[in-house]
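The residues making up each chain are set out below.
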Amino acid sequence: MNRLTPFLFFAAGLSADVLSKEWALRTLPPPTLHAGGDFFALALHFNRGAAFSLLRSVPGAALLLSVAGVCLLAAMYRSLPAFRRSPAWGLLFAGAAGNMADRLLHGYVVDWFRAGPLHMNAADILLCAGGALLMLQMLREK
């Protein structure tokens, strides 16, 4: 893969996340306490905590965890030179940057997709896909 691949994936992923959250804020109805209905649904949700709404009662904790996550990703990137051209890095950094930007701009993360009790957004999907891709590439290299 070429050196620009991770940057292209980062730009595409972050753009998709920002645009999808903007669409959700303009289009979906405000969050409700008891959003019943289908298991899978487009549903606006404001996550004031970290993953799975953990630490939502501790102001600033989720933002600090976001910053720590980006720092950890940067350290991993530096320590794994054999994988630096992987598109996984672009997906991981795009997901982390998308959710961190939400916390800085709004004080919460804008989620717009519900799967049962879980609420997520494009950034969450990018983080999962990037992590899975990087693990698969590392396992294949062994």
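Located above this text is the structure these notes cover.
Parameters and conventions
Residues numbered from 1 in each chain as written. Predicted model: local features only at pLDDT ≥ 70, side-chain atom pairs only at ≥ 80, totals over all residues. Heavy atoms only, no water. Helix = DSSP H or I, 4+ residues; strand = E, 2+ residues; numbered from the N terminus. Expected span 1.5 Å × (residues − 1). Buried < 20%, exposed > 50% of the residue type's maximum accessible area, 1.4 Å probe, protein only. Pairing = 2+ DSSP bridges. Axes fitted to C-alpha atoms, helices over the stretch in contact; angles between N-to-C directions. Contact = heavy atoms within 4.5 Å. Arc of directions from axis to C-beta. Polar contact = N/O pair within 3.5 Å; in protein donor to acceptor, adjacent residues only side chain to side chain. 1 Å grid on protein atoms, 1.4 Å probe; cavity = no way out; pocket = protein on both sides within 12 Å on 5 of 7 lines; lining within 4 Å. Points joined across faces, edges and corners; volume = space filled by probe spheres on them. Nonpolar A, V, L, I, M, F, W, Y, C, P; charged D, E, K, R; others polar.

*Asks:* Any details on helix α3 (residues 87-106)? Residues and values, ideally.
*Replies:* Taking 1.5 Å as the rise per residue, α3 with 20 residues should run 28 Å; its terminal C-alpha atoms sit 29 Å apart, in good agreement. Burial analysis of α3 places 14 of its 20 residues in the buried class, the great majority of the element. Of the residues flanking the end of α3, it is G107, one or two places downstream, whose phi is positive at about 90°.

*Asks:* An account of the sheet that holds strand β3 (residues 118-120) is requested, with residue identities and associated values reported.
*Replies:* The antiparallel open sheet is built from three strands, whose spatial order is β1-β2-β3. Where the open sheet ends on each side, the last strands, each with one partner, are β1 (40-47) and β3. Averaged over all pairs of adjacent strands, the angle between strand axes in this sheet comes to 40°, irrespective of strand direction. As judged from the three bridges shared by strand β2 (residues 109-115) and β3, these two strands associate in the antiparallel manner. Bridge pairing in β3 links A115 to L118. The strands touched by helix α1 (residues 5-27) within the sheet are β1 and β2, with β2 carrying the most contacts at an inclination of about 80°. Along the sheet, α3 makes contact with β1 and β2, crossing β2 at roughly 125°.

*Asks:* Residues and numbers for helix α4 (residues 122-141), please.
*Replies:* Its 20 residues give α4 an end-to-end C-alpha distance of 28 Å, which sits within 8% of 28 Å, the value for a rise of 1.5 Å per residue. If you check which residues of α4 are buried, you get A122, A123, L126, G130, L134 and Q137. Across the axial projection of α4, the buried residues extend over an arc of 95°, all falling on one side. Facing away from the buried side of α4 by more than 90 degrees, the exposed set consists of C128, M135, L136 and L139. Considering only its buried residues, α4 is in contact with α1, α3 and β2. Of the residues that open α4, the one with a side-chain oxygen 2.9 Å from the backbone nitrogen of A123 is N121.

*Asks:* Tell me about the layout of surface pockets, residues and numbers included.
*Replies:* Considered as a void within the structure, the largest pocket measures approximately 770 Å³ in volume. In this structure, the largest pocket is lined by 27 residues; those nearest its centre are A50, A51, N99, D124 and L127. Elements with a contribution of two residues or more to the lining of the largest pocket: β1, α2 (61-79), α3, β2, β3 and α4. Among the elements that line the lining of the largest pocket, the one with the most residues is α2, at six residues. Across the lining of the largest pocket, the residue classes tally to 16 nonpolar, eight polar and three charged.

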